[in-house]
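In case you want the letters, here they are:
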2 protein chains.
Amino acid sequence: MRTILRTGALRDLRDLRAPASAPLRSDFRNLRGHTIRCSPAASSSGFHSKSQDYSEALGTAAQIPEADPVPPVAQRERITIADVRERRAKAGRLVAPTASYSDADMFKAPTVGKPKAKRWDHHLAKESTLREPCKLKQAAKHLKQPGLISLGGGLPCPEYFPISSLTLHIPRPPHFSEAATLAPDGGEHPEYDLSTALNYGQANGSAQLTRFATEHTELVHGPIPYADWRVCLTVGSTAALEQTLRMLCECSSNRQDSLLTEEFSFSTALETAGPLRVGVVGVPMDEQGLLPGEMERVLAAWDPRERGGRRKPHVLYTVPSGQNPTGATQGVGRRREVYEVARRHDLFIVEDEPYYYLQMPLSGGDDVEGFLEGLIPSYLSMDVDGRVLRMDSFSKVVVPGSRLGWVTASEQIIERFIRHAEVANQGPSGFSQVILHKLLDERWGHEGYLLWLMNLRMEYAKRRDVMVAACSEFLPREVVSWSTPQAGMFHWLKVNDELHPHASTKSILEIEDEIFNSCIAKGVLVARGSWFRSEQDKPPSGLYFRATFAAATPEKMREAIRRLGEAIRESYRI
Amino acid sequence: MRTILRTGALRDLRDLRAPASAPLRSDFRNLRGHTIRCSPAASSSGFHSKSQDYSEALGTAAQIPEADPVPPVAQRERITIADVRERRAKAGRLVAPTASYSDADMFKAPTVGKPKAKRWDHHLAKESTLREPCKLKQAAKHLKQPGLISLGGGLPCPEYFPISSLTLHIPRPPHFSEAATLAPDGGEHPEYDLSTALNYGQANGSAQLTRFATEHTELVHGPIPYADWRVCLTVGSTAALEQTLRMLCECSSNRQDSLLTEEFSFSTALETAGPLRVGVVGVPMDEQGLLPGEMERVLAAWDPRERGGRRKPHVLYTVPSGQNPTGATQGVGRRREVYEVARRHDLFIVEDEPYYYLQMPLSGGDDVEGFLEGLIPSYLSMDVDGRVLRMDSFSKVVVPGSRLGWVTASEQIIERFIRHAEVANQGPSGFSQVILHKLLDERWGHEGYLLWLMNLRMEYAKRRDVMVAACSEFLPREVVSWSTPQAGMFHWLKVNDELHPHASTKSILEIEDEIFNSCIAKGVLVARGSWFRSEQDKPPSGLYFRATFAAATPEKMREAIRRLGEAIRESYRI
């Protein structure tokens, strides 16, 4: 299978003044209009009817249509692929040329009757409140005037782009429906071409991929309980977290903010908070991750005077599925309890879900509907207040090198997030965007992508099983214990430090160091549990190692676990 | 012409345990080694001889080889394409698999006898000094141990990447040497393949593109006066500026920092500094941009008590060529004077050069050597102290959608910059990197890319000429004046506000508003000069408009300037 992307506009500019023999693309200027045009059918359907005003979108928040002739989906009813297909058919072909502004409201189901999200002004950091829309992008509101010639923005001519087309070769994965991979191509007039993708764009990403992310979010998490949710494409969740922390936390003279997170947390997240001088507070966990009672305890008892003047935490950062490093997955009941604690203490929740689709109970049958039904509900899906910012990423389920993901949150939060993206990165690579659009939208479609995800979690489940079996075979059960991970890429091994022959004279970190070095000597690299400790200044609560089943072959995984077992046995004199 | 990128590793994983019929890539783990291996010839040449240690590179700074058997290039002698070709031939094939660490020292000419850059500890912001290397990436130092199996990092399997190859179609531009575009392809064993490019990488970018950027920097700016310069790939210069400001400036209780820049400056740069609460001080300009005498005056007379407690500026942000918005280009003498002021007042210089190759005196003849000789020397090329961070971008000269550029500065500065990139973006898109590598390195080579740039500046010079001719024809010279831009994409028009019939009753901003709105009504969008004022709280120094010649066709440009002329005449009653 192959799909071809073309620049619409590559021309020979040998003689800039010769009109006919080397024709210039006379309508090139029109490429830079910014309005998402919809078919008349779409206009009458209501959710595409609003002519988006650039300045409004960039300045103040855009409005949701007041009323809609299409009957809204019932409050708790799932949105189906058929719904999305019907909506697209009504909306007609998406016209979104260079640097078009777009937002989720243009693509999502009507939200009539739902409340708007709460406002979070009291949680925003000063830096975030000071951000202003990009002046040059605001001026683009004038571009929709018919006949206007722009000498405004310094966008280079696509005639000078040295790539005329790109062809993707897409393999047919196992268990993958042929029909899904043969969705109709964009043909001669694709909805997203290279001359658009490779020029400057909006910091929140292209309309084309925004549409896909919006619809996908609805299919998986919808209907979302509040009305004014939006999405913003990101350059990946690492960047999204940095932007989010700077939006919500600060350590100025007025505020000494802290972040609540799992007792063991993703080390890069901790390295992000550190230089911002945001305090990190670790919440004790069990095999389902965060313990709501412990959260409650920390928050209810918070006294700034005992915490070096730090304010009570107002942000929770959590990885609910296949948590990194512990592999813990919060069940639906656990999530509801955590959400209630967040409501009680006015916490904003940052839901980081790179491993969400790698849930491995493998329940719910073989079809897409069953797959979606079987996924544990996200915080986003239960968020009645708009207090969740969810981070999604293509890194673990498509390719990490795309440096592409998206966030979903309330209009207010997304608007501030975009203002930051305008100066922090200007949005994701156009190459990444157009390639993922071709793959996910034009080639696979929503069903095809979901089939891909279903297949992928099967593959990771097989790998997980290889690793857990190897642990049972090679690790000394008298000192090593674990839960079988229900999602993700990581297996978390607890080693009983109290049973170590030198427990009375050596610290946990010293024992960890001894085993880690012995592992290296024997030819296996595992991650040390202490790297992930949220509060590095506290004594460690136990001895842990993290092993990934994502990367090594089954044969090598078995051998690696055998070596790890040997290292532990030697240290424990077993 | 087409060039094909393949994933080395896509395999059917239908049965994870079946060894033969569906073969797993048994050596996949080895893909994750991190050492840049070189041929024996390279080892003996010295500049590839050092085995790079991951932890060393990520933790403390890597060392430059102490001595080198290859005679160093003489202190002020230009490095040629032949030098680079010879160096590559000696070094042998670059082996840099998934997430390999690299730095410019691996690829640049020996720097024996040159001094190291000065240290800038006193200029770094607290946030930057607190950054620590990524723990998980540090652990990768163990990967070079033979036979080691990693269960360490959560890198997904390339077997699960759903893109098996990519084909680029590259048009043959006018005036472009056929030979240059037919450089040998990577063939069956390319130096950079999709399975590497699309997995996680280092935040400073791939070794393959780092090599190209390093060599290109040497060809254009070399030899750089100090020894320990480095490069870091970026997600574009917008991001690079944000990272740089956060590295060098802060507004904490201890420091109230300010930034020196042109009186009229790139509005996005101003919007970056604003929320960081970094003060901006505008330096008066002439047609060559920054006036060194004015810089000296501001700095020598600086009194924090008269400046709301702000510290004397220690950072200069400048766009030396085709400045945005004024189009001003600093000549070599001007640059030397500015650099001397910077030395005298201990200023760090941020040199932002997206338009550097769009210099239009068109001197220096038709060949690559002449082109390079004719370019105005950069601050980087005259930087004896290592006080310059230069920002380069592919946006204006290849495609903006690549979201890719690079910075060049001293080892200390680049190391801090990389620490920030690890949490702010994790480096550029792998799609962008591998596509630019194929285009610039494998297809074109250095000579081909320089020919491309030579051609491009010719095209922009023609466009500039169309615009200047239209201004001469249609604008009222009695009130509008300009200098012909010598670089870039922008034409800056000064309108004499004192001659306006309502000069005594209307403010400059009111007259600007009137003309701008009249332009929109007549169907032309230009940028208002006031958008670019560095110090928005001061009264404007004059009435200006910026017009770009990058985007519209020649016919439309003429018509647009005619409309602008009409708007000005009407406002001035001419």
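Residues numbered from 1 in each chain as written. Chains lettered and ligands numbered in written order. Predicted model: local features only at pLDDT ≥ 70, side-chain atom pairs only at ≥ 80, totals over all residues. Heavy atoms only, no water.

An unreviewed UniProt entry annotates chain A as aromatic-amino-acid transaminase originating from Parathielavia hyrcaniae. Here is the UniProt Cofactor (unreviewed entry) comment for chain A, exactly as written: "pyridoxal 5'-phosphate". (UniProt positions renumbered as here; feature names shortened; annotations may be inferred.)

### Some words on the overall build of chain A
If you tally the helices and strands in chain A, you get 17 helices and 17 strands. Counting the 574 residues in chain A, one finds 67% classified as buried. The long-range fraction of contacts in chain A, counting pairs at least 24 apart against all pairs at least 6 apart in sequence, stands at 80%. Counting only carbon and sulfur atoms, one obtains 51% of the accessible surface of chain A, whose full area is about 18,700 Å². (Helix = DSSP H or I, 4+ residues; strand = E, 2+ residues; numbered from the N terminus. Buried < 20%, exposed > 50% of the residue type's maximum accessible area, 1.4 Å probe, protein only. Contact = heavy atoms within 4.5 Å. Areas by Shrake-Rupley, 256 points an atom, 1.4 Å probe, with all protein chains shown as cover.)

### As for the packing of aromatic side chains
All names here are of chain A. Taken as a whole and assessed by the stated rule, the structure comprises 24 aromatic pairs over all chains. Considering the side-chain rings of Trp492 and Tyr544, the 4.8 Å spacing of their centres and the 10 degrees angle between planes classify their relative orientation as stacked. Here Trp492 is found in strand S14 (residues 490-495), whereas its partner Tyr544 is found in strand S17 (residues 543-548), with 52 residues between them in sequence. Comparing Trp492 with Tyr544 shows no difference in burial state: the two are buried. (Phe/Tyr/Trp six-rings, centres within 6.5 Å; stacked < 30°, edge-to-face > 60°.)

### Side note on the sheet that holds strand S13 (residues 480-481) of chain B
All names here are of chain B. One open sheet accounts for 4 strands, arranged S13-S14-S17-S16; its pairing is antiparallel. Among the strands making up the open sheet, the edge pair consists of S13 and strand S16 (527-528). The sheet strands contacting helix H15 (residues 430-474) are strand S14 (490-495) and strand S17 (543-548), and the helix crosses S14 at an angle near 20 degrees. (Pairing = 2+ DSSP bridges. Axes fitted to C-alpha atoms, helices over the stretch in contact; angles between N-to-C directions.)

### Some remarks on the interface of chain A and chain B
Across the boundary between the two partners, chain A contributes 129 residues, which contact 130 residues of chain B. At the boundary of chain A with chain B, the tally comes to 2 salt bridges. Between Arg246(A) and Glu242(B) there is a salt bridge, with the nearest N and O atoms lying 2.8 Å from each other. Applying the counting criterion to the chain A and chain B interface returns 41 residue pairs in polar contact (both at pLDDT 80 or more). Ranked by residue count, the leading element in the side of chain A that touches chain B is helix H15 (residues 430-474) of chain A, at 15 residues. Its residues assigned to classes, the side of chain A that touches chain B shows 68 nonpolar, 33 polar and 28 charged. As paired strands, strand S15 (residues 524-525) of chain A and strand S2 (residues 149-150) of chain B are joined by 2 bridges and run parallel to one another. Bridge pairing in S2(B) places Val524(A) opposite Ile149(B). (Salt bridge = Lys/Arg side-chain N within 4 Å of Asp/Glu carboxyl O. Polar contact = N/O pair within 3.5 Å; in protein donor to acceptor, adjacent residues only side chain to side chain. Nonpolar A, V, L, I, M, F, W, Y, C, P; charged D, E, K, R; others polar.)

### Regarding the environment of Arg464(A)
All names here are of chain A. Mapped onto the elements of the fold, Arg464 is located in helix H15. According to the relative accessible area criterion, Arg464 is buried, its value standing at 8%. In this structure, the C-alpha to C-alpha distance between Arg464 and Gln486, residues 22 residues apart in sequence, is 9.0 Å. Apart from the residues lying within four places of it in its own chain, the contact partners of Arg464 are Met360, Thr484, Pro485, Gln486 and Phe549. Within the structure, the side chain of Arg464 is placed 2.6 Å from the backbone oxygen of Pro485, a separation counted as a polar contact.

### Some details on the environment of Asp193(B)
Residue and element names in this part refer to chain B. With respect to the element layout, Asp193 can be found in the loop between helix H6 (178-181) and helix H7 (194-197). Of the residues examined, Asp193 reaches a relative accessible area of 17% and is grouped as buried. Once the C-alpha coordinates of Asp193 and Thr98 are considered, the two residues, 95 residues apart in sequence, prove to be 9.5 Å apart. A polar side-chain atom of Asp193 sits 3.1 Å from a polar atom in the side chain of Ser195.

### Here we look at the sheet that holds strand S13 (residues 480-481) of chain A
Residue and element names in this part refer to chain A. Strands sit in the order S13-S14-S17-S16 across an open sheet of 4 strands; the sheet is antiparallel. Since the sheet does not close on itself, it has two edges, and those belong to S13 and strand S16 (527-528), each with one partner. Of the pairings in the sheet, the one linking S16 to S17 comprises 2 bridges and is antiparallel in character. Residue pairing across strands places Ala527 opposite Arg546, the latter belonging to S17. The sheet contacts of H15 involve S14 and S17, and relative to S14 the element is tilted by about 20 degrees. Where helix H16 (residues 508-522) meets the sheet, its contacts fall on S16 and S17, and the angle it forms with S17 comes to roughly 35 degrees.

### Quick notes on the environment of Gly289(B)
Residue and element names in this part refer to chain B. Following the sequence through the fold, Gly289 ends up in strand S8 (residues 289-290). Since its relative accessible area comes to 3%, Gly289 is described here as buried. If we ignore the near neighbours within four places in the chain, the residues touching Gly289 are Pro284, Ala328 and Arg334.

### Here we look at the pairing of S14(A)
The side chains of a regular strand alternate between the sheet's two faces. Residue and element names in this part refer to chain A. In terms of burial, S14 is largely enclosed, as 5 of its 6 residues are buried. As judged from the 6 bridges shared by S14 and S17, these two strands associate in the antiparallel manner. Bridge pairing links Phe490 to Thr548 in S17.

### Structural notes on the packing of helix H9 (residues 237-248) of chain B against helix H14 (residues 411-424) of chain B
Geometry of a packed helix pair, given as the angle between the helix axes and the separation of the axes. Residue and element names in this part refer to chain B. At a closest axis distance of 10 Å, the pairing of H9 and H14 adopts a crossing angle of 115 degrees. Between H9 and H14, the crossing angle belongs to the class labelled roughly perpendicular. Considering how the two elements wind past one another, H9 and H14 form a crossing that is right-handed. Together, Ala240, Gln243, Thr244, Arg246 and Met247 of H9 and Ile413, Arg416, Phe417, His420 and Ala421 of H14 make up the contact between the two elements. Classifying every residue of the contact of H9 with H14 gives 5 nonpolar, 3 polar and 2 charged. (Parallel < 35°, antiparallel > 145°, perpendicular 65-115°, else oblique. Left-handed = near helix turned anticlockwise from the far one by under 90°.)

### Section: unusual backbone geometry
All names here are of chain A. Of note, the bond from Asn324 into Pro325 is cis; its omega dihedral lies within 30 degrees of zero at 20 degrees. With respect to the secondary-structure elements, Pro325 resides in the loop between strand S9 (315-318) and helix H12 (332-344). At Ala99, a position not held by glycine, the phi torsion is positive, near 60 degrees. Tracing the backbone shows Ala99 in the loop between helix H3 (81-91) and helix H4 (126-129). In this structure, Arg277 is a non-glycine residue whose phi angle is positive, near 60 degrees. Structurally, the position occupied by Arg277 is in the loop between helix H10 (267-273) and strand S6 (279-283).

### Describing the relation of the copies chain A and chain B
Of the two same-sequence chains, chain A is brought onto chain B (RMSD 0.0 Å, axial shift 0.0 Å) by a rotation of 180 degrees. Considering both components of the superposition, the chain copies are consistent with a two-fold axis. In terms of proximity to the rotation axis, the leading residue of chain A is Thr167(A), whose C-alpha is 2.4 Å off the axis. (Least-squares fit on C-alpha atoms with pLDDT ≥ 70 in both.)

### So, a negative patch on the surface
A cluster of acidic side chains, namely Asp366(A), Asp367(A), Glu369(A) and Glu447(A), defines a negative patch on the protein surface. What makes Asp366(A) exposed here is its relative accessible area of 72%. (Patch = residues over 30% accessible without salt bridge, like charges linked within 9 Å, V, L, I, M, F, W, Y side chains within 5 Å. Lys, Arg positive; Asp, Glu negative; His and termini not counted. Charge placed at Lys NZ, Arg CZ, Asp CG, Glu CD.)

### Some thoughts on the confidence of the model for chain A
Residues and elements named next belong to chain A. For chain A, per-residue confidence averages 85 on the pLDDT scale, and 83% of positions sit at 70 or higher. Segment residues 8-75: pLDDT under 50, and 177 contacts once partners within four positions in sequence are set aside and those in other chains are kept. Below pLDDT 50 for its whole length, residues 177-186 participates in 20 contacts with residues either more than four positions away or in separate chains. (pLDDT = per-residue confidence, 0-100.)

### Describing H12(A)
Given a rise of 1.5 Å per residue, 13 residues ought to cover 18 Å, and the 19 Å separating the end C-alpha atoms of H12(A) matches this to within 8%. Trailing H12(A) by a residue or two, Asp346(A) shows a phi angle of about 55 degrees, which is positive. (Expected span 1.5 Å × (residues − 1).)

### Brief notes about the pairing of strand S11 (residues 388-393) of chain B
Residue and element names in this part refer to chain B. Counting buried positions along S11 yields 6 of 6 residues, so the element is predominantly enclosed. Here S11 shows no split at all, with Val388, Arg390 and Asp392 on one side and Leu389, Met391 and Ser393 on the other all buried. Bridge count between strand S10 (residues 348-352) and S11: 4 bridges; the pairing is parallel. Residue pairing for S11: Val350 is matched across the bridge by Leu389. When S11 meets strand S12 (residues 405-410), the two strands line up antiparallel, connected through 4 bridges. Counted as the bridge partner of Arg390 is Thr408 from S12.

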